[in-house]
Structure formats: structure tokens, C-alpha cells
Amino acid sequence: MSDIIRRDPRAEWIARNRLHPLHAAMQPAQHSWMGPNGVIRKNPHGIGFIGPNGIKRIDRSGAQQGGTSKRSAAVEVQLPLHQVPAPAFYISVVPDMVGGRLSSHDRDLLGLAHQLAGNDGAVLAVVFGEHKESAFATAGVDRLLVLEGEEFSGYAPEQRVQGLRAVDNQFSPRHWLLPDSRTGGGELGRRFASALGERPATRVWQVKDEECIGRAGAGLQDLARPVARLILAAVECAEPVSETRHEALPVELSTAVARSLSRIEDLGAVAVDPAAIPMAEAEFIFSGGNGVKDWGLFHRTAEALGATEGASRVAVDDGFMARDRQVGASGTWVTARVYVAVGISGAIQHLQGIGACDKVVAINLDPGCDMIKRADLSVIGESAEILQALIDAVAAYRNDAKRDAA
């Protein structure tokens, strides 16, 4: 067994959140306290731990206390299970699934669907093709329908509309929810609305009191209308599901999806220079800070990874990067799916600017800095050695791919 103590960020967050239903269960047991007369009292029943055979053991050395061990793995948080055995109706959600995984926008959409479903309805997620997501249950999915087939791969909006129409005929959802995004949901939702003859509610950021409120007038005004059957929701339209886990039971279509005579030919993705992508629209950002000593190596690593370069305010002020590359509250607020911070300690303004990023990777020498606390994955070490190892790993991966192709 490894001697490394593993941390569970979710368990730590629940222990700090007094409003979470599992907050009390995550609190450490109190073994001693000072009584009213100044005498230290001890709880003899709170000392020890439950062994593998169910018998309580007591370790007088102090290595194990309160039922936990220094060598034990992190406590698994078991959220209450939300079940809908016989749904009265369905709320269908079509997530973008960029990269085969749920994005933060998709999770917001599932949170909105959970609000509309209440206790009687079930949230039905419709996913096209293969995916890599394994957390549908904790994201709020009650039923999962995967439409597989080559006809749905790539850019095939017409065939996907046919698939959604088949789902609509079989399940008759009360509402359809799609992300109003540039990554496919906005266009697919409008095409689907046209096929159904529905008037969709677009750029919706709130659903309340049987009304959906969307942005209008170039984002300067709000437009309220009765809740539509087809809703194209914006980012942060609702809080994502975090306090329950769902069944995510797989379902299938009873009939085959009709083939459409496509008038669109997918020629594949167009190569784009990462340096030409605006910071606010970049999906993969490689950002450097005061801890970067070899900027030439930093630029080579970003080029090898195909990432858009960013920087902290200190790096910009020192002249290592242009002003339009600055990330943070005083620079550009970014919404990247992956944000890599190299040598950035994590000032409050910088952390504010990356608040909407899905995954944050930190490379730093200081294990106690704020960026390490914010990161989903941390690498502690000298940045030059880690960046060179990244370049070597990318080169080896591409060489293996070329040999496999040959």
C-alpha cells in the first residue's frame, strides 16, 4: 500500500459546506473536550476503528484515530440516490459532449432539467456516438439514450435531427433542452425546432414562475415568455446537480432512425493556429507566470501541445508576453476546457479569471500555493524539467501513431 496520503477535494468541500446533506457525516468525531470545570473529558467509545472483520480495534500508538488510518484511502462520498421508477413525463437534454465528456455548460443544462422534472419526471439525456463520460449519475441523468452509428459522427446535423425526432415520437418529452452554444447545440436546436414546427426560447438564462427569461437586444435586455417546449439555454442557466446521484439507466429506441439524404458533406476539421484564437474562445490554454525561467522552452511546449498561450499579470508586466495574453480579472476572463498554469501562484484576480474553466492543471514548486488548491491536477516540481518531459511524451506519442498508421 502506498504511503502517500490522498486527498478528496469533494469530501473536503462537503465538510466545509454546512448546507450540504452529508456535512454532518463528514465531520471528524470529537474524542476529547474541556468540561465546565476545566477537566479534559474523553469519549472512550470514539477511539478506535472498525477492522475488516467488523470488530472494533484500538490502536494506542495514535496512528489510527476515529476510524481512519493515515495509510487509508480517501473517504468515498456516497450521495443519496434519486430514483424515478415510473416517470410521469420526461425532460430531454441533448448535451454538446465536446471531447466526449460533459462540459460545465452541459451540467448547468442538466441542473435546469432537474428543476423542471421535479419529483415525478425523469431527465433523459440523448448522446450521439461514443463518449468517455462516466459521471452521468452524479450530473443528474435518470435515463441515458445513446444513438450510435456512423451516420451521427462528425458534422451531421440533418441526421441528428432525424434521431431527435425518433426520440420525440417515442418518449414525447414535456421539454427539450439544448445548450445555446457555438459547439453544435445552438445550430442543432434551431434545426430541430424548425423540424417540429416549434418556436424555441433562445439564450435562456433563467426559468422561474412558469416563465423563461432570455437575453435579447445584443445581450443588453431580458425577454420573458411562457416556458417553451424547446429551450436553448445559456451558460449558468441553473446550478448543476451536486447533492444527489441518479440511476442513469440505459434506454433504447424501439424503432430504427430513418436515414436522411444529407445535403452536407463533412470535410473534417480545419487546422487553426492556436495563437490566432482569441483568449476568450480558446479551449486549451497553456499559461505561464513568474515561475517560468525558460520562456523559449515554454513556447516550444505550447506549440507541441497545440495550446493557446496565456500569461499572468506579472509575466505580462515583465515583458515576456503581450498584454492581450493576460488572463485574469484585470485581463481576459477565459472559459477553457483545459487550463494549464505553469509557475503561477494564483492571485485572486487570476483565479477569478479562470473560474469558468472545466479542468485546471497546475505546475508549481510550492505545494501550498492557491493555484495548487484550485487545480484538479497538480504537478510539484521544476517547470523546466516537467515541460521538457511533456515535449518528449508528445513526440513519442506522435511517433507511435505514425508507426501504427504505417
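Residues numbered from 1 in each chain as written. Predicted model: local features only at pLDDT ≥ 70, side-chain atom pairs only at ≥ 80, totals over all residues. Heavy atoms only, no water.

**A word on the overall build of the protein**
A tally of regular secondary structure across the protein gives 10 helices and 22 strands. Evaluated residue by residue, the protein yields a buried proportion of 39% over its 406 residues. Counting every atom, the protein has about 23,200 Å² of accessible surface; 51% of that belongs to carbon and sulfur. (Helix = DSSP H or I, 4+ residues; strand = E, 2+ residues; numbered from the N terminus. Buried < 20%, exposed > 50% of the residue type's maximum accessible area, 1.4 Å probe, protein only. Areas by Shrake-Rupley, 256 points an atom, 1.4 Å probe, with all protein chains shown as cover.)

**A word on unusual backbone geometry**
In this structure, R203 is a non-glycine residue whose phi angle is positive, near 50 degrees. In this structure, R203 sits in strand β12 (residues 201-208). For D209, which is not glycine, the phi dihedral falls at a positive 55 degrees. Its place among the elements puts D209 in the loop between β12 and β13 (211-216). The exposed category is assigned to D209, whose relative accessible area is 66%.

**Considerations on the side chain of S92**
Residue placement: S92 occurs in strand β8 (residues 90-93). Note on S92: relative accessible area 0%, which makes it buried. Apart from residues no more than four positions distant in its own chain, S92 is found in contact with L124, P173, H175, W176 and L177. (Contact = heavy atoms within 4.5 Å.)

**Structural notes on the nonpolar core**
In this structure, V93, L110, L112, F136, V141 and L177 are the most contacted members of the largest nonpolar core, which totals 28 residues. Mapped onto this core, the elements with two or more residues apiece are β8, α2 (104-117), β9 (122-128), α3 (136-139), β12 and β15 (230-233). Considering each element in turn, this core owes the most residues, 5 residues, to α2. Leave out the neighbours within four places in its chain, and F136 touches M97, L102, V127, H131, V141, L144 and A248. (Core = buried A, V, L, I, M, F, W, Y, C linked by side-chain atoms within 4.5 Å.)

**A few points about the pairing of strand β20 (residues 338-342)**
Burial runs high along β20: 4 of the 5 residues are buried. Relative to β20, strand β18 (residues 284-288) runs parallel, the two being bridged by 5 bridges. The residue bridging G288 from the neighbouring strand is V342, located in β20. As paired elements, β20 and strand β21 (residues 359-364) share 5 bridges and run parallel to each other. (Pairing = 2+ DSSP bridges.)

**Here we look at the packing of aromatic side chains**
Working definition: an aromatic ring pair is given by the centre-to-centre distance plus the angle between the planes. Evaluated as defined, the whole model comprises 6 aromatic pairs. Members of the aromatic cluster, joined through ring pairs, are F286, W295, F298 and F320. Taking NZ or CZ as reference, R174 lies 3.6 Å from the ring centre of F89, over its face. (Phe/Tyr/Trp six-rings, centres within 6.5 Å; stacked < 30°, edge-to-face > 60°. Lys NZ or Arg CZ within 6 Å of the ring centre and 35° of its normal.)

**Structural notes on the packing of helix α4 (residues 157-171) against helix α5 (residues 185-196)**
Packing of α4 against α5 leaves a shortest axis separation of 10 Å and a crossing angle of 55 degrees. Between α4 and α5, the crossing angle belongs to the class labelled oblique. In this structure, α4 meets α5 at a crossing whose hand is right-handed. Of the residues in α5, those touching α4 at P157, E158, R160, V161, L164, R165 and D168 are E187, L188, R191, F192, A195 and L196. The class makeup of the residues in the contact of α4 with α5 is 7 nonpolar, no polar and 6 charged. (Axes fitted to C-alpha atoms, helices over the stretch in contact; angles between N-to-C directions. Parallel < 35°, antiparallel > 145°, perpendicular 65-115°, else oblique. Left-handed = near helix turned anticlockwise from the far one by under 90°. Nonpolar A, V, L, I, M, F, W, Y, C, P; charged D, E, K, R; others polar.)

**A word on the sheet that holds β8**
Pairing in this open sheet of 9 strands is mixed, and the strands run β14-β13-β12-β15-β11-β8-β9-β10-β17 from one edge to the other. Each end of this open sheet is capped by a strand with a single partner; those strands are β14 (221-226) and β17 (249-251). Strand-to-strand twist across the sheet, computed as the mean angle between neighbouring axes with direction ignored, equals 35 degrees. Relative to strand β11 (residues 175-179), β8 runs parallel, the two sharing 3 bridges. Bridging across to β11, V93 finds its partner in L177. Its contacts with the sheet place α2 against β8, β9, β11, β12 and β15, and it is angled at close to 165 degrees to β11.

**A look at the environment of H20**
Mapped onto the elements of the fold, H20 is located in the loop between α1 (9-16) and β1 (32-34). Residue classification places H20 among the buried residues on the basis of a relative accessible area of 3%. Each C-alpha atom of the pair H20 and S242 lies 9.2 Å from the other, and the pair is 222 residues apart in sequence. Apart from residues lying up to four places away in sequence, H20 is in contact with R10, W13, I14, L79, S242 and E243.

Nothing here speaks to function; it is all geometry.
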